[in-house]
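The primary structure of each chain is shown beneath.
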Amino acid sequence: MTTTTEVPQVETLQLVDGGMNFDGVQALEDVSISVKSGEVVGLIGPNGSGKTTTLNLVSGMLHPTTGRVMLGDKDLTRMSMRKRARIGIVRTFQSVRVFGRLTVAENIEVAALGCGMRRHEARELTEELLEELNLESVANTAAESSPAGLIRTIGIARALATRPKFLLLDEPAAGQNESEAVELIEAIRNISRRRACGVLLVEHDMSVVMSTCDRLHVLDSGRTVIAGLPQDIRHDPQVVEIYFGKRH
Amino acid sequence: MTNSTRIRRLFETPILLVALMGLVALIAVFGDPTITRVTVQALIAVVFVAGLSLFSGNSGVMSFGHVGFMAIGAYTTAYLTIPVNLKSSMFSDLPESLGFLATIHAPFPIAVLVGGLAAAVLALVTAPIMARLGGLQAGIATLALLVIVFTVLNSWTDVTRGSSSMIGLPKSTTIWWAAGIAALVIVIAWAYKKSRSGLQLQASREDYLAATASGIAVGRHRVFAWVLSSIPVGFAGALYAGFFTTFNSQTFFLSLTFSFIVMIVLGGYLSLSGAVIGALGVSVLQEILRRFQDGAFTGGISLPAGIADLILAAVLLFVLVKAPLGLMGTRELRLFRKRSIGSAS
Ligand SMILES: Nc1ncnc2c1ncn2[C@@H]1O[C@H](COP(=O)(O)OP(=O)(O)O)[C@@H](O)[C@H]1O
Ligand SMILES: [Mg+2]
């Protein structure tokens, strides 16, 4: 490689001291989390610990009651979810929310159009994504009639169609067994590396994220338990107690 | 999907529907005057329902207010085509600021065009409301629009003659006008459905939140479809005026709205083919029911008035229960069914 090759700029997306209060219920308190371009950060914690709420704050679906959302030194706290999508911060939903009666190909194409791509560009990208995520066989069927196992993949393909700089995934591997989940997250990893895209990935299964994420962030009851490298977190006594302790 | 498949799928449906319009027009050409009347009425219904489906089919928001746009088209046509000398005696109390209405005159094609544009002006004024509201609220807002238009037409008698009829319009709507404009509107509605705006609006219909999360400006697309769909519906009003040559404020209100809703729901509001087939089918059904009510099939004994509407309402209820998405669902008329689906497997 020569020096003329352009190095993609590394950006950081951050939630700073984020807090969320729902009519008196403090769902999230003082949570700070950051994702850099090209990095996969796992957000884990038991049910109800505030993972989806964190993702909602970062994606702009909810606005925090305290704290800020920053992209580099730009404050996004008040920016709408739609605007964030258009500047490359895109989420998926825990319940996927596919466009049921549109075809799988249209689901992908329309997201590309939504972020301002031209028609032929959107179509080309759709073909690429269909191939990359093995969705070609269902491309022209209604999304709602695709096999259940593919629905989540459609959601991911739709998010990728916006050419995201940061991808926020809410339990992309839900409903899959451990090896399937690891395989899916590995695929997401490769995709994000190729695009130098940062990924914030919510997952409730600790063992799945251990092998696939660069960094982990553990939540419990709306607070950060610990954040760091997977190997440091695996043996943290607090994590072992609140996390493994509860489940087994 | 290969390119040729894509292109075939893109043109197949509108070509079939336009051909259907030609076929229907031919029936009228060779039929007796009654058949011609029914056919023209049916084609005007196609113009209206295809225009309505441009908005409702893509946005998923049912509009009960489009008959208001139709009224605007009809009244505009009346003012532009009633002979000037007759007009000045019909409207002696025009407010000064609208005095020009007594003297303007235009040939029918211009009246149709201006009727569509006048409807679009009303759509533009009401667009901010449609951009903000969704689902049930939007549906109720459209009903309010219908009531507002009706009330103004009914009360502002100096300008509209209220419940006294508009008279003296020349009979201008021929079968070819009706069929030609129906074909044009079908092409416009199809082109919108396949456009980038149309696809984004359909996505919002399927899931508003996910559409927003994909960067789609739902309000903007909804406004565009709302305004665009009012134009053909204004055309339908102009065609109606030029065909029946007389109407009053009551003409464009609930009963006409109900007819069109039955058409679009029976055919399938998510499908342009459904809207067109519903408009044709229900127009014919209405004619048969009307004759039935007048005693045509009961040995001359006429049945109580309103029986035709009751049967139509019953049919609507049956379809709503049995097939909520109507006859066509999300399908479109095609020659080669499902050829390319699953081709990669
Ligand atoms: N919109 C809301 N209104 C009220 N409470 C909420 C809302 N969303 C989440 N919560 C509450 O916030 C807490 C965290 O929820 P969530 O972020 O969905 O957890 P997780 O995704 O980790 O399972 C839960 O107690 C939940 O009941
Ligand atoms: Mg959750």
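Residues numbered from 1 in each chain as written. Chains lettered and ligands numbered in written order. Predicted model: local features only at pLDDT ≥ 70, side-chain atom pairs only at ≥ 80, totals over all residues. Heavy atoms only, no water.

**Student:** Break down the overall build of chain B for me, citing the residues and quoting the values.
**Tutor:** Secondary structure assignment for chain B yields 14 helices and zero strands. For chain B, the succession of helices and strands along the chain, N to C, is α-α-α-α-α-α-α-α-α-α-α-α-α-α. Taken against the 2.2 N^0.38 rule, which gives 20 Å for 345 residues, the C-alpha radius of gyration of chain B at 21 Å falls within 12% of a compact globule. Expressed as a percentage of the 345 residues in chain B, the buried residues total 54%. A separation of at least 24 residues holds for 79% of the contacts in chain B among residues at least 6 apart in sequence. By element, 70% of the accessible surface of chain B is carried by carbon and sulfur atoms, the whole surface being about 14,600 Å². Each charge class in chain B was averaged separately, 22 positive and 11 negative side chains, and the resulting centres sit 15 Å apart. (Helix = DSSP H or I, 4+ residues; strand = E, 2+ residues; numbered from the N terminus. Rg over C-alpha atoms; globule rule 2.2 N^0.38 Å. Buried < 20%, exposed > 50% of the residue type's maximum accessible area, 1.4 Å probe, protein only. Contact = heavy atoms within 4.5 Å. Areas by Shrake-Rupley, 256 points an atom, 1.4 Å probe, with all protein chains shown as cover. Lys, Arg positive; Asp, Glu negative; His and termini not counted. Charge placed at Lys NZ, Arg CZ, Asp CG, Glu CD.)

**Student:** Give me the packing of helix α2 (residues 33–59) of chain B against helix α13 (residues 272–293) of chain B: which residues, what numbers.
**Tutor:** Residue and element names in this part refer to chain B. Between α2 and α13, the least distance of the axes is 8 Å, while the angle of their chain directions is 145 degrees. The two elements α2 and α13 meet at a crossing, and its hand is right-handed. Listed contacts from α13 to Thr34, Arg37, Val38, Ala42, Ala45, Val46, Val49, Ala50 and Ser53 of α2 are Leu272, Ala275, Val276, Ala279, Leu280, Ser283, Glu287, Arg290 and Arg291. Along the lines of polarity and charge, the residues of the contact of α2 with α13 split into 11 nonpolar, three polar and four charged. (Axes fitted to C-alpha atoms, helices over the stretch in contact; angles between N-to-C directions. Left-handed = near helix turned anticlockwise from the far one by under 90°. Nonpolar A, V, L, I, M, F, W, Y, C, P; charged D, E, K, R; others polar.)

**Student:** Any chance you could break down the coordination of the magnesium ion (ligand 2) for me, citing the residues and the numbers?
**Tutor:** For the magnesium ion (ligand 2), every protein donor is listed as Thr52 of chain A (OG1) and Gln94 of chain A (OE1), and the spread of their distances is 2.0 to 2.4 Å. Taken together, the residues Thr52 of chain A in helix α1 (residues 51–59) and Gln94 of chain A in the loop between β6 (89–91) and α3 (104–114) connect sequence positions 42 residues apart. (Donors = N, O, S within 2.8 Å, 3.2 Å for Na, K, Ca; no water.)

**Student:** Requested: an account of a positive patch on the surface, with residues and values cited.
**Tutor:** Residues Lys83, Arg86 and Arg118 of chain A together with Arg196 and Arg220 of chain B make up a contiguous surface patch of positive charge. Mapped onto the elements, Arg196 of chain B comes out in helix α9 (residues 196–206). Its relative accessible area of 31% is what places Arg196 of chain B among the partly exposed residues. (Patch = residues over 30% accessible without salt bridge, like charges linked within 9 Å, V, L, I, M, F, W, Y side chains within 5 Å. Salt bridge = Lys/Arg side-chain N within 4 Å of Asp/Glu carboxyl O.)

**Student:** Hey, could you go over the packing of aromatic side chains for me, with residue numbers and the actual values?
**Tutor:** All names here are of chain B. Evaluated as defined, the whole model comprises 13 aromatic pairs over all chains. Plain terms: the ring middles of Phe108 and Trp177 are 5.7 Å apart, the flat faces sit at 85 degrees to each other, and that makes the pair edge-to-face. Placement of the pair is Phe108 in helix α5 (residues 108–132) and Trp177 in helix α8 (residues 175–194), with a sequence separation of 69 residues. According to the relative accessible area criterion, Phe108 is buried, its value standing at 9%. Residue Trp177 is classed as partly exposed on the basis of its relative accessible area, which comes to 31%. Summarising the aromatic geometry, the rings of Tyr192 and Phe224 are spaced 5.9 Å apart at their centres and angled 35 degrees between planes, so their arrangement reads as tilted. Here Phe224 lies in helix α11 (residues 218–244) and Tyr192 lies in helix α8, a separation of 32 residues in the sequence. Pairwise contacts between aromatic rings join Tyr75, Tyr240, Phe243, Phe244, Phe247 and Phe252 into one cluster. (Phe/Tyr/Trp six-rings, centres within 6.5 Å; stacked < 30°, edge-to-face > 60°.)

**Student:** Lay out the pattern of salt bridges in plain terms, naming residues and giving numbers.
**Tutor:** Opposite charge on two side chains makes pairing possible when the charged atoms of those side chains draw close. Residues and elements named next belong to chain A. Considering all chains together, one arrives at 17 salt bridges over all chains under this definition. Measuring nitrogen to oxygen at the nearest pair gives 2.7 Å for the salt bridge that ties Arg119 to Glu109. Taken together, the residues span a long stretch of sequence, with Arg119 in helix α4 (residues 119–132) and Glu109 in helix α3 at a distance of 10 residues. The class for Arg119 is partly exposed, based on a relative accessible area of 22%. Residue classification places Glu109 among the buried residues on the basis of a relative accessible area of 7%.

**Student:** Could you give an account of the nonpolar core, with specific residues and numbers?
**Tutor:** Ranked by size, the top nonpolar core spans 98 residues in total, and within it Phe48, Met70, Met166, Trp226, Phe247, Phe252 and Phe260 of chain B carry the most contacts. Counting residues per element, this core draws most heavily on α2 of chain B, at 13 residues. Ignoring sequence-local partners within four residues, the contact set of Phe252 of chain B consists of Val67, Met70, Ala71, Ala74, Tyr75, Leu146, Tyr240 and Phe247 of chain B. Ranked by size, the runner-up nonpolar core spans 64 residues in total, among them Leu133, Ile185 and Leu216 of chain A together with Ala203 of chain B. (Core = buried A, V, L, I, M, F, W, Y, C linked by side-chain atoms within 4.5 Å.)

**Student:** Explain the site of ligand 1 residue by residue, including any values.
**Tutor:** All names here are of chain A. Around ligand 1, a shell composed of Phe22, Ala27, Pro46, Asn47, Gly48, Ser49, Gly50, Lys51, Thr52 and Thr53 is seen. Within the backbone of Gly48, a nitrogen or oxygen atom sits 2.8 Å from an oxygen atom of ligand 1. Thr53 is positioned with one of its side-chain polar atoms (N or O) 2.6 Å from an oxygen atom of ligand 1. At three residues, α1 tops the list of elements feeding residues into the shell around ligand 1. Classifying every residue of the shell around ligand 1 gives three nonpolar, six polar and one charged. (Near = heavy atom within 4 Å. Polar contact = N/O pair within 3.5 Å; in protein donor to acceptor, adjacent residues only side chain to side chain.)

**Student:** Report on the sheet that holds strand β9 (residues 215–220) of chain A, specifying residues and quantitative values.
**Tutor:** Residue and element names in this part refer to chain A. Strand order across the open sheet formed by six strands is β6-β7-β8-β3-β9-β10, with mixed pairing between neighbours. Strand pairing shows two members of the sheet lacking a second neighbour, β6 and β10 (223–228), which therefore form its edges. Neighbouring strand axes in the sheet, compared pairwise and without regard to direction, differ in orientation by 15 degrees on average. Direction of pairing for β6 relative to strand β7 (residues 166–170): parallel, over a ladder of three bridges. Residue pairing in the sheet places Arg91 in a bridge with Leu168 of β7. Against the sheet, helix α6 (residues 178–195) touches β3 (40–44), β7 and β8 (198–202), its axis set at about 160 degrees to β8. (Pairing = 2+ DSSP bridges.)

**Student:** Could you give an account of unusual backbone geometry, naming the residues involved and the relevant values?
**Tutor:** Residue and element names in this part refer to chain A. Phi is positive for Val96, which is not a glycine, with a value near 65 degrees. The phi dihedral of Asn134 falls on the positive side, at around 55 degrees, and the residue is not glycine. Tracing the sequence through the fold places Asn134 in the loop between α4 and α5 (148–160).

**Student:** Can you break down the environment of Ile264 of chain B residue by residue, with the values?
**Tutor:** Residue and element names in this part refer to chain B. Within the element layout of this structure, Ile264 appears in helix α12 (residues 254–267). Its relative accessible area of 0% is what places Ile264 among the buried residues. Expressed as a C-alpha distance, the spacing of Ile264 and Leu136, which sit 128 residues apart in the sequence, is 18 Å. The contact partners of Ile264, leaving out residues within four places of it in the chain, are Val49, Leu52, Ser53, Met62, Tyr269 and Ala275.

**Student:** Describe the sheet that holds strand β4 (residues 66–71) of chain A, naming the residues involved and giving the relevant values.
**Tutor:** Residues and elements named next belong to chain A. Spatially, β2-β1-β4-β5 is the arrangement adopted by the four strands of the open sheet, whose pairing is antiparallel. Where the open sheet ends on each side, the last strands, each with one partner, are β2 (25–36) and β5 (74–75). The sheet contact formed by β4 and β5 spans two bridges and is antiparallel. Bridged to Leu71 within β5 is Lys74. This element, α1, spans β1 (12–22), β2 and β4 of the sheet and lies at about 120 degrees to β1.

**Student:** I'd like a rundown of α3 of chain A, residues and numbers included.
**Tutor:** With respect to burial, α3 of chain A is a largely interior element, 10 of its 11 residues being buried. Here α3 of chain A has its buried residues at Val104, Ala105, Asn107, Ile108, Glu109, Val110, Ala111, Ala112, Leu113 and Gly114 of chain A. Against the buried residues of α3 of chain A lie α2 (81–86), α4 and α5 of chain A together with α9 of chain B. Immediately downstream of α3 of chain A, the backbone of Gly116 of chain A shows phi near 90 degrees, a positive value.

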